[in-house]
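Each chain, written out:
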Amino acid sequence: MENKEKNGEIKENQVVKKKLDWSGSLIVAALAGAFGSSFLYGYNLSVVNAPTVYIKKFYNATWERRYSSSIDEGTLTLLWSITVSIFSIGGLVGAIIVTPIVKFFGRKYTLMLNNIFAVIAALLMGFSSLAGSFEMLILGRIIMGIDAGVSLSALPMYLSEISPKEIRGSLGQVTAIFICIGVFTGQVLGLPEIFGKESLWPYLFGVIIVPSVIQVVILPFLPESPRYLLLERHDIHRAEKAFRTFLGKADVSYEVEEVLAESQIHRNVQIASILQLLRNRSVRWQIITVVITMGCYQLCGLNAIWYYTNSIFSASGINHDTIPYVTLSTGATETLAAVFSGLVIERLGRRPLLIGGFGLMVVFFAVLTTSLTLQYHVSWLPFLSIACILAIIASFCIGPGGIPFVLTGEFFEQSQRPAAFMIAGTVNWLCNFTVGLLFPFIQSGLRTYCFLVFAVICLTGATYLFFVLPETKNKTLHEISQAFAKRNKVTLEVQEMDQYSAERKSSAEQESNFSPTKDNGEAECRIV
């Protein structure tokens, strides 16, 4: 009877805790952070689709005015390819510079300062037509890419550190949801009835300034990441205040103790460099998993669909005037699938959604290839092609579309997280650039069989994840590390000693600021 009463009390406490998990501040932080960050990434993926014809016309007119001759087709194609793909180069730069920025300014202020890039990019691209300079548009795209590169690392980092582990996956999916909403918004605003006209296309790029301003207005009223404050700034008072704000409760001693327990031998956290992280054998398979997952996230073919939606629908036999409206279905499908994933991720877990998503994409890519090959022989096959594209998008968004960002935040401790996100971001943007640059050539060479390349990549990713990826749902960093310990061929004790040794080495030059003490055989550093 006593055990039943205790179990009843535990269940009641869990119900109360779950009610407290989603506080107003937590929701506002997630929405404001994502609206000025991942939303803009998604928006800039799709916004170049609708005005393609008008931008090329602008390039040609500018060239004629300068050189008194029309631009040749090869040069125009090159300029347009640079305009599209240079966004990824900017993203790579942003991913590389994000580590020192989040270390010095923190997660929240990095997101806020990052809006400087977005505002500059919006002004350059918005006024490029008026100034008669296509260079302004290209420069704006690369600066916007830097903004995206920083935000796609800083935002998941911020969300993973402010959320309780019980809803860490759902809150992490906000990044993916707003990417999809951004893609859909770019498609809607690109309709001929709105900004999809020759005289109005610069406004498509100028409106980028709106989400940035909204984020700058809201974020100052929200706290910094409590983990960052506690483990990197050693400010327990502000950390407790941040926990109380985000969790919506007065007593946060358990949360503070839990964070300190997870980083028991890292009281004075020194940020690990990329080289130190790569040399750390205790996180070897975590790094490999992040690299493969993030690589498959970009190479699975979704960006090819986002960048070249119009040409894919044209190949499917859709009338040119109807394409902008049919394209809306892709954005709507992405958004609904991402929301669905956010609702079920804490019930089903990361592993089945990732593996299942990649697996379904393999099936639908195979069907799409068949339908595109035979579409001129059977009248209804173009509609099957559209259905397959929507199914591929849905399969992507229920798992592979957002979970890689969640896993990167879950696999690594506080001191390793910035370097881990830099590695993930670098892989992300390099693969993004590769797809944007090579897909037209793959499509030209393989024609209807081009999507089989992506099917093979999805199958490879699903197979790897099936054998390697442990479930991380509701697990602490210690439990996730235990799941990888056997594969890394280290015991948890050795793993901790490896991390401690790496930390001592990285902070050797600061030893004068700390006094080492020993307590029951455990090495510990305290600030003097």
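Just so we're clear, the structure is a prediction, and the values are computed from it rather than from any experiment.

Undergrad: Report on the overall build of the protein chain, specifying residues and quantitative values.
TA: When helices and strands are tallied, the protein chain shows 27 helices and two strands. Per-residue burial over the protein chain gives 54% buried out of 528 residues. A separation threshold of at least 6 residues defines the contact pool for the protein chain, and within that pool the share at least 24 residues apart is 81%. If you sum the accessible surface of the protein chain, you get close to 22600 Å²; carbon and sulfur atoms cover 65% of it.

Undergrad: Any details on a nonpolar patch on the surface? Residues and values, ideally.
TA: A cluster of nonpolar side chains, namely Val 28, Val 210, Val 213, Ile 214, Val 217 and Ile 218, defines an oily patch on the protein surface of about 430 Å² accessible area. Here the nonpolar patch takes five residues from helix 12 (residues 209–218), the largest share from any one element. With a relative accessible area of 44%, Val 210 lands in the partly exposed category.

Undergrad: Could you give me a rundown of the pattern of salt bridges, with the residues and numbers involved?
TA: When charged atoms on two side chains of opposite charge get close, those side chains can pair. Counting across every chain of the model gives twelve salt bridges. Here Glu 161 ties to Arg 107 by a salt bridge, and the two come within 2.9 Å at their closest N and O atoms. Of the two residues, Glu 161 is situated in helix 9 (residues 134–162) and Arg 107 in helix 6 (residues 107–113); the sequence distance between them amounts to 54 residues. We note that Glu 161, like Arg 107, is buried. Taking the shortest distance from any N to any O, the salt bridge between Arg 350 and Glu 410 comes out at 2.5 Å. Placement of the pair is Arg 350 in helix 21 (residues 350–374) and Glu 410 in helix 23 (residues 403–411), with a sequence separation of 60 residues. The pair Arg 350 / Glu 410 is uniform in exposure class, with both members buried.

Undergrad: Which residues make up helix 7 (residues 115–126), and what values go with them?
TA: Taking 1.5 Å per residue, twelve residues should reach 16 Å; helix 7 reaches 16 Å between its end C-alpha atoms and fits that length. All buried positions along helix 7 are accounted for by Asn 115, Ala 118, Ala 121, Ala 122, Leu 124 and Met 125. Buried residues along helix 7 sit against helix 3 (38–46), helix 6, helix 8 (128–131), helix 9, helix 11 (201–206) and helix 12.

Undergrad: I'd like to hear about the packing of aromatic side chains, residue by residue, with values.
TA: Tallying each qualifying case throughout the model produces 22 aromatic pairs. Relative to Phe 451, the ring of Phe 365 has its centre 5.8 Å away and its plane inclined at 15°; by these criteria the two rings are stacked. Taken together, the positions of Phe 365 in helix 21 and Phe 451 in helix 25 (residues 451–468) put the pair 86 residues apart, joining distant regions of the chain. Look at Phe 365 and you get buried, because its relative accessible area is 0%. On the basis of relative accessibility, which here comes to 2%, the residue Phe 451 falls in the buried class. Connected via pairs of aromatic rings, a cluster forms that spans Phe 58, Tyr 59, Phe 134, Trp 201 and Phe 205.

Undergrad: Help me get a handle on the nonpolar core, residues and values and all.
TA: With 122 residues, the main nonpolar core has Tyr 41, Tyr 59, Phe 205, Phe 358, Met 361 and Phe 365 as its most contacted residues. It is helix 9 that provides the largest number of residues to this core, a total of 14 residues. The residues that make up this core include at least three from each of domain 1 (22–222) and domain 2 (272–494). For Met 361, the residues in contact, after removing those within four places along its chain, are Cys 300, Leu 302, Ile 392, Ser 395, Phe 396 and Cys 458. Counting eleven residues, the second-largest nonpolar core is a separate cluster that includes Tyr 228, Leu 229, Leu 231 and Val 252.

Undergrad: A description of the confidence of the model for the protein chain should follow, citing residues and the corresponding values.
TA: Within the protein chain, residue pLDDT values average 84, and 85% of them lie at 70 or more. Low pLDDT (under 50) marks residues 1–20, which in the prediction has six contacts with non-local residues, meaning those over four places away or in another chain. Confidence drops under a pLDDT of 50 for residues 500–528, and excluding neighbours within four residues, the segment shows 37 contacts in the predicted structure.

Undergrad: Hey, could you go over helix 2 (residues 24–35) for me, with residue numbers and the actual values?
TA: Over its twelve residues, helix 2 extends 16 Å from the first C-alpha to the last, a length consistent with the 16 Å expected when each residue adds 1.5 Å. Burial in helix 2 covers these residues: Leu 26, Ala 29, Ala 30, Ala 32, Gly 33 and Ala 34.

Undergrad: Residue-level account of the state of the cysteines, with values.
TA: Here the structure, examined in full by the defined rule, presents zero disulfides. Here Cys 180 is not cross-linked by a disulfide; its sulfur's nearest cysteine counterpart is in Cys 397, at 3.7 Å. Taking relative accessible area as the criterion, Cys 180 reaches 3% and is therefore assigned buried. Here Cys 296 stays unpaired: no disulfide links it, and the sulfur of Cys 458, its closest cysteine neighbor, is 7.1 Å away.

Calculation notes
Residues numbered from 1 in each chain as written. Predicted model: local features only at pLDDT ≥ 70, side-chain atom pairs only at ≥ 80, totals over all residues. Heavy atoms only, no water. Helix = DSSP H or I, 4+ residues; strand = E, 2+ residues; numbered from the N terminus. Buried < 20%, exposed > 50% of the residue type's maximum accessible area, 1.4 Å probe, protein only. Contact = heavy atoms within 4.5 Å. Areas by Shrake-Rupley, 256 points an atom, 1.4 Å probe, with all protein chains shown as cover. Patch = residues over 30% accessible without salt bridge, like charges linked within 9 Å, V, L, I, M, F, W, Y side chains within 5 Å. Salt bridge = Lys/Arg side-chain N within 4 Å of Asp/Glu carboxyl O. Expected span 1.5 Å × (residues − 1). Phe/Tyr/Trp six-rings, centres within 6.5 Å; stacked < 30°, edge-to-face > 60°. Core = buried A, V, L, I, M, F, W, Y, C linked by side-chain atoms within 4.5 Å. Domains from an automatic or database assignment. pLDDT = per-residue confidence, 0-100. Disulfide = S-S within 2.5 Å.

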